[in-house]
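Commentary on secondary and tertiary structure
Next come the chains, spelled out residue by residue.
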Amino acid sequence: MHPLRILGCDPGLGCTGWGVIEYSGTRLVHIANGAIETRASETLGERLAALHAALVKVIRAHRPAAVAVEQAFVHKDPSAALKLGHARAIALLAAAEAGIEIAEYTPNHVKKSVVGVGHASKDQIQAMVRRLLPAVEFERADCADALAVAIAHAHLSRTTARIAAAMVAL
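Residues numbered from 1 in each chain as written. Predicted model: local features only at pLDDT ≥ 70, side-chain atom pairs only at ≥ 80, totals over all residues. Heavy atoms only, no water.

Moving on, we come to the pairing of strand β3 (residues 27–37). Both strand β2 (residues 15–24) and β3 contribute to a ladder of 10 bridges, which runs antiparallel. Among the inter-strand pairings, Glu22 is bridged to a residue of β3, identified as Val29. Connecting β2 to the next strand, β3, in antiparallel fashion are two residues, including Gly25 with a positive phi near 65 degrees. (Pairing = 2+ DSSP bridges. Helix = DSSP H or I, 4+ residues; strand = E, 2+ residues; numbered from the N terminus.)

Quick look at the structure:
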């Protein structure tokens, strides 16, 4: 089995975390991660355009086979939820334009896949990302969250591949 490269995305209008991993069999390898920040002083359109351009650059540089994006959760502040929705749409658009497989995961699914509990804290997520990707360094929690989304997709892909193989064997 050759490695599958996955781009994980933790979207946000102010800061979108991204992380690229490869997995093959049971092995996970950290490739890169970073954060895309926009300035609150810019218009919404300018911020979305900057986010799109940066994500397109990441996709071109790392050539993932799949993009995994964290789904929005219900926010108490409708304005914040709308801004998060805009950022998610940009991540989905950049992947769709590149013709890449897109997967979406709820925050609880990501936490359960990576930490084992659906309501894990940011510190627990960061600790497990460091354990699963020993060579990883990240400077923001958003980067760790993005890597966790990619790891969740790798885990689900492994399971899906096993089920498909078992179905063929029948």
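Turning to the environment of Ala98, a few remarks are in order. You can see Ala98 is positioned in the loop between α2 (78–97) and β5 (101–105). Separated by 42 residues in sequence, Ala98 and Val56 have C-alpha atoms that sit 8.2 Å apart.

To continue, consider the side chain of His62. Within the secondary structure, His62 sits in helix α1 (residues 44–62). Judged by its relative accessible area of 17%, His62 is buried. (Buried < 20%, exposed > 50% of the residue type's maximum accessible area, 1.4 Å probe, protein only.)

Taken as a whole and judged by the stated rule, the model has six salt bridges. Between Arg88 and Glu104 there is a salt bridge whose closest N-O contact spans 2.1 Å. One end of the pair, Arg88, is in helix α2; the other, Glu104, is in strand β5, and 16 residues separate them in sequence. For Glu104, a relative accessible area of 36% corresponds to the partly exposed category. Look at the salt bridges and you will find they share partners, linking Glu37, Arg140 and Asp142 into a network. (Salt bridge = Lys/Arg side-chain N within 4 Å of Asp/Glu carboxyl O.)

Take the packing of α1 against α2 next. One can describe the packing of α1 onto α2 by two numbers: an axis separation of 9 Å at closest approach and a directional angle of 40 degrees. Crossing handedness for the pair α1 and α2: right-handed. Contact residues: α1 offers Leu44, Leu48, Leu51, His52, Leu55, Val56 and Ile59, while α2 offers His86, Ala87, Ile90, Ala91, Leu93, Ala94, Ala95 and Glu97. Residue classes in the contact of α1 with α2 are distributed as 12 nonpolar, two polar and one charged. (Axes fitted to C-alpha atoms, helices over the stretch in contact; angles between N-to-C directions. Left-handed = near helix turned anticlockwise from the far one by under 90°. Contact = heavy atoms within 4.5 Å. Nonpolar A, V, L, I, M, F, W, Y, C, P; charged D, E, K, R; others polar.)

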